[in-house]
Amino acid sequence: MIESATELLAMMISAGTPLLLSTLGEIYAERSGILNLGVEGMMALGAVVAFYITLTTGNPALGLAAAAVAGLALSSLHAFISITIRSNQVVSGLALSMLGIGLSSLIGKGLIGMPLRHALEKLEVPLLRDIPLLGAFFRQNVLTYLSYLLVASLWFIMFKTRIGICIRMSGENPRVADTMGVNVFRLRYLCTLLGGALAGLGGAYLSIAYTPAWIEGMTAGQGWIALALVIFAAWNPLYALAGAYLFGGIRVLQYRLQPLGISPPLLQTLPYVCTIVVLVAFSTEKLRRKLGAPSALGKPYSREER
Amino acid sequence: MKAVRERVLPVVVKLFTKLLAILLGLGISAVVFAAYGVDPLYAYSLMVTKSLSFRGASEVLTKFIPLQLCGIGLIVAFKSGMWNIGAEGQMLIGATFATWIALFLDIPEFSRLPLIFLFGLAAGAGWALIPALLKVKFEVNEVITTLMMNYIASSLVNYLVYGPWKGAKEWGFPYTDKFPKSVWLPTIAGTRIHWPTLLIAVLTAFLIYFLLVKTTVGFEIRVSGQSKRAAEYAGINYGRVLLIGMAISGALAGLAGVGEVCGIHHRLRYASSISSGYGYAGIIVAWLSELNAVASVLSALFMAFLFAGGDLMQVSLGLPIGVVDVFNGSILISLLVSEAFGRYKPKWRLRLK
Amino acid sequence: MTLVRMVGITKRFPGVLANDSVNFELRRGEVHGLLGENGAGKTTLMNILYGIYRPDEGEIYVDDRRVRIRSPRDAIRLGIGRVPQFPELVDKLSVAENLAVLFPEKILSRRRLEEIRSLAEKYGLPINVDAMVYELSLGERQRIEVVKALLRGARILILDEPTTVLTPKEVDTLFEALRKMRDEGKGIIFVSHKLSEVLSITDRVTVLRRGKVVATLETADTDEEELTRLMVGRRIVQRYERRKIPLGEEVLRVENVYVLNDKGGEAVRGISFTVRRGEIFGIAGVAGNGQKELIEAIAGLRRVERGRIIVGGEEIRTPRQFRKYASHIPDDRMGMGVLPSLSVLDNLSLTLYRRFSRMGMIDMDDLRRFAEKLVKRYKIVTPSLGAPAWQLSGGNIARLILARETAMGCRLLIAVHPTFGLDVASTDEVRRTLLKLRDKTAILLVSEDLDEILQLSDRIGVMYRGRFIGVLEADEADPERLGLMMGGVAVESS
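The rules behind each value
Residues numbered from 1 in each chain as written. Chains lettered and ligands numbered in written order. Predicted model: local features only at pLDDT ≥ 70, side-chain atom pairs only at ≥ 80, totals over all residues. Contact = placed C-beta atoms within 7 Å. Nonpolar A, V, L, I, M, F, W, Y, C, P; charged D, E, K, R; others polar. Pairing = 2+ DSSP bridges. Helix = DSSP H or I, 4+ residues; strand = E, 2+ residues; numbered from the N terminus. Axes fitted to C-alpha atoms, helices over the stretch in contact; angles between N-to-C directions. Domains from an automatic or database assignment. Core = buried A, V, L, I, M, F, W, Y, C linked by C-beta atoms within 7 Å. Buried ≥ 20, exposed ≤ 12 C-beta atoms within 10 Å, placed from the backbone. Parallel < 35°, antiparallel > 145°, perpendicular 65-115°, else oblique. Left-handed = near helix turned anticlockwise from the far one by under 90°. Expected span 1.5 Å × (residues − 1).

A short note on the interface of chain C and chain A
- Across the contact, 14 residues belong to chain C and 16 residues belong to chain A.
- Of the residues contributing to the side of chain C that touches chain A, the split by class is eight nonpolar, no polar and six charged.

Printed below as a string of structure tokens:
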């Protein structure tokens, strides 16, 4: 009984990892003020690139690196358009999503159905894996373990270090940040690039660890769910952990609950509905201050001449 | 996110810059094709020649209908300052209500089609009003909410076609029964062009132009999209204007959904096969036409050409479905980048001095 | 010992000589007040000292060494700090986080927080470093700005109208802190229009008038009357000739109105007055005493916390109601009065389109003809009616707004700084236009320009700290008297 519950939890964690990675990256981007709607495309591109590189080189680590680079490349375009050109972030993000998805479809056509011999294997931690329930955290693969580290360190950086303060200032009030000597442009670039790299890694997880295979439309909207998750997590890496496993859990559970009469597609609406509810809840003055979006999110910043 | 002040460029220069951007986008796509092993020049020339053929041109016009309807609706929303990313979902809801009336309502046959149109408009408007109300009452960011509503709508459609509305005669495939002939939209002989909706699509371009330029509501929409403060200063009811803009936008997208489901598929199916990315492409239509209602006809035609071309490439050259996304994505990016260069040239000159 | 010496500072802007050979000196261990009417050049001078502007002529010496201050960063490096009038802090972060940026270390240690806290305590400005900025009052936020400047090593502190946002108790606390700083040898420049405060805190005071230094005095040797006389000059302002017309019906009634400002503090504290058709009621006062909030409340753009506003017999709660009876020439031209990306025609129609529409449709031909007439009559220079408004010069934008708001009859006209930025000829034209309108309209004029108020008004109310410090008939008013009242000195009407 406990064992199957632990196993279920392990699956939820596994399913939630790609979400978690993408969400962490987007949290950083949005905290600095940049809205990146291109996460879905970056995940898709990361997935196909990781698969291709791992397949051809036999080295999953290279595959992961390549995925991060791919995500970074796409997000650098977004950064350029949003920060340097100060154009419309919504349109830019959507365009990059389209491009990423399209490219992944094109690159992946020849890879459909190919078996992956050097996939990222699970690395279960002996002894720890046997702890009831919590053992689930130790029945994962390397990337998931990395994600635990990332949650802790990204949380720490964001809330306990000077650079985290500077990032948050850039997203709340870039003008004041600028007068205090914060390099808003550089920070926004860094955060956007980090977001792209992590999204790429999230996609890579899907194709070389979770499934592992290349399937057309692999990311299946998880990039959009990540955007929702950022809000649900109140732009906090710690809450993102819980939310990712929850939302990931829905994906795992949706077919198991079908015999109970709960239809999978309806269950799939849950993350989206929850996000809207959360958004409305956060709109009150008090909550908005504590948990709401960075005030300058999505608005381009320029140093006006006095 | 207001439009930043721009230099006034003569229309010729603007068109030229756009053309360059489109060429750049096509160029990027060409590189991708070449890497795939397909000769881009061959691919493009194929697209052009096929579109000039009877079948090709009719495909373009078929795809033009939902693109135009979504695009012009989005122009209204964007002009009022509301970033409606939800045209895709609004289409699906329109299609859903059309299906409901077509298959599941016990009413006289002759009334079905008019009711479908009515409900299609109303349902689309309603779906758009939800995020609009959230924005007006709670200041909730409409980019995220309209996006979420898309996924809720598509999940809803999938639930229906896999579940309660699954066709009795269709052996487990995820679609509903075929609609009764009374609600099939008439098509031009030999093509898939459902011409009533085509006429409506072209008409709305001019209607919306008229609305924006010659009516009080249109004027209030244009002012509100520029500045909430100025709108209130002028005595305009800002919230009400935003709601009207979104309602119009949603209604037109809903109509596009009706057109797809009554004119082409004649049944409700898996969500993505109904909306096919038209809702997102509508954003490009609006952007490309610089929010000009009359110019949207040209942009919609162009996007339809790309969509049809993408289909062609899949069928004739074996390229996967992502080809259309590559087109759309690279053209949109090029547009964004080129638009900015038009804006920033003077700054560079000043620095040189 | 001189901390700062500004010699022969001259600064020109298009059409105006903001500073004309200004000499200013700040000694060690003194609080030096800077007084002057609106437009006298105080802010410009301080902006030059803080590196925001560069002077056209003149030199600056800090610690008797010639310096070039090209940016605020240079100023800060020289030990010049500025406490802005409105605090510039990030709301959602804590005080400690806001200040953390000033230090190089990666993580703000407890020790550093203790340093900050004891520094603040030293000057009697206790701050809670763990508090979130949005929880703090404006006064507390200003304290953080002072601490911020001190943390950056300021020996010279510029305070620009610091008491605008403070309660009387907070003013006392601030002054105590300033005195402690002065006794330590710091130099403080205190820019203010509030005479009682200047007399209480400063050691010396310099008065500017129209860009020139009129006098530098020991505070102990002077009083409110002399300072006002120096600020205002011995000048007689001639009222514009006007016919004696019988006063019409009451158009605007403001009954004991209280209005809050954006930060939740009280901006208008119990104002009552009426304006009738046929008269011009002028509200004088330095910006920041509640005029903005009062006008916004009358126009239906801001909530009235207590009291009522009645225009044309109807209680006003929305801008739509206001627009039924009134026109409004706003203070904020580019943000509210004009839409830069829309065409000149659209902008001229902004508040008139309803009068040219029937059943939801606008008669564009009629509207266009009317707009062309307006352009001609008010001499608006524009390439065409279709040109976007951002192409117009500042003066033409002012003319556009004036044309639109005065062209069609209305019962009430609110004009806020209507001639700001206009050249002399246009200014005169505008004022005469307003006077002509007086016959059929009730006019509420708000201006910082004493001359404008005196030339046009039939009655004058002076706003100070959210209240009318006095209401006079035009023939009881002269520049000195108004100057005193604007500075916070209640003057009995004889």
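What about the pairing of strand S12 (residues 266-276) of chain C?
- Inspection of the sheet shows strand S11 (residues 250-260) of chain C paired to S12(C) by eight bridges, in the antiparallel sense. Across the sheet, Tyr258(C) pairs through a bridge with Arg269(C), a residue of S12(C).

Overview of the sheet that holds strand S4 (residues 57-62) of chain C
All names here are of chain C.
- Ordered by their spatial adjacency, four strands build an open sheet running S2-S1-S4-S5, and the pairing between neighbours is antiparallel. Taken across any chain shown, the strands that pair with only one partner, and hence form the sheet edges, are strand S2 (16-27) and strand S5 (65-67). With strand direction ignored, the average angle separating the axes of adjacent strands in the sheet is 25 degrees.
- Pairing analysis gives three bridges linking S4 to S5, with the strands arranged antiparallel. Across the sheet, the residue bridging to isoleucine 60 is valine 67, located in S5.
- Against the sheet, helix H1 (residues 42-49) contacts strand S1 (2-13), S2 and S4, and its axis sits at roughly 120 degrees relative to S1.

What about the sheet that holds strand S19 (residues 412-416) of chain C?
Residue and element names in this part refer to chain C.
- Across the sheet, which stays open at both edges, the six strands sit in the order S16-S19-S20-S13-S21-S22 with mixed pairing between neighbours. If you trace the sheet from one side to the other, it starts and ends with strand S16 (326-329) and strand S22 (467-473), each paired once. Mean inter-strand twist for the sheet, computed between neighbouring axes without regard to direction, equals 15 degrees.
- As defined by bridge partners, strand S21 (residues 459-464) adjoins S22 across six bridges and the pair is classed as antiparallel.

Structural notes on the domain arrangement of chain C
All names here are of chain C.
- You can read the domains of chain C as domain 1 (2-232) and domain 2 (250-486).
- Measuring from the centre of the C-alpha atoms in domain 1 to the corresponding centre in domain 2 gives 33 Å.
- The interface is formed by 14 residues belonging to domain 1 together with 13 residues belonging to domain 2.
- Broken down by element, the side of domain 1 that touches domain 2 gets its largest block of residues, six residues, from helix H8 (residues 224-232).
- Looking at side-chain class alone, the side of domain 1 that touches domain 2 contains four nonpolar, five polar and five charged residues.

Quick word on the nonpolar core
- Residues Leu229(A), Leu49(C) and Ile414(C) are the most contacted members of the largest nonpolar core, which totals 371 residues.
- Inspection of this core shows a minimum of three residues originating in each of domain 1 (2-232) and domain 2 (250-486) of chain C.
- Not counting the four nearest positions on each side in its chain, Ile414(C) is found in contact with Ile295(C), Ile298(C), Ala299(C), Ala326(C), His328(C), Ile329(C) and Leu444(C).

Regarding the interface of chain B and chain A
- With 40 residues of chain B in contact, the opposing surface of chain A contributes 40 residues.
- Within the residue set of the side of chain B that touches chain A, elements represented by two or more residues are helix H1 (11-36), helix H5 (109-138), helix H6 (142-162), helix H12 (278-288) and helix H14 (322-352) of chain B.
- Looking at the side of chain B that touches chain A, the element that brings in the most residues is H14(B), giving 13 residues.
- Of the residues assigned to the side of chain B that touches chain A, the class counts are 28 nonpolar, nine polar and three charged.

Observations regarding the packing of helix H9 (residues 222-232) of chain A against helix H10 (residues 237-256) of chain A
All names here are of chain A.
- The interhelical angle for the contact between H9 and H10, taken along N-to-C directions, is 135 degrees, at an axis separation of 9 Å. With respect to H10, the element H9 is oriented oblique. For the element pair H9 and H10, the recorded crossing hand is right-handed. Across the interface between the two elements, Ile225, Leu229 and Phe232 of H9 pack against Ala240, Gly243, Ala244 and Phe247 of H10.
- Within the contact of H9 with H10, the residues separate by chemical class into six nonpolar, one polar and no charged.

Describing helix H4 (residues 87-104) of chain B
- Here H4(B) contains 18 residues, and its C-alpha end-to-end distance of 25 Å stays within 8% of the 26 Å for a straight helix at 1.5 Å per residue.
- Most of H4(B) is tucked away, with 15 of its 18 residues classed as buried.

Comments concerning the packing of helix H1 (residues 2-31) of chain A against H10(A)
All names here are of chain A.
- Between H1 and H10, the shortest axis-to-axis distance is 7 Å and the interhelical angle comes to 135 degrees. Comparing the axis directions of H1 and H10 gives the class oblique. Regarding H1 and H10, the two cross each other, and that crossing is right-handed. On H10, the residues that touch Met11, Met12, Ile13, Ala15, Gly16, Leu19, Leu20, Thr23, Leu24 and Ile27 of H1 are Pro237, Ala240, Leu241, Ala244, Tyr245, Phe247, Gly248, Gly249, Arg251 and Val252.
- Residue composition of the contact of H1 with H10, by class: 15 nonpolar, four polar and one charged.

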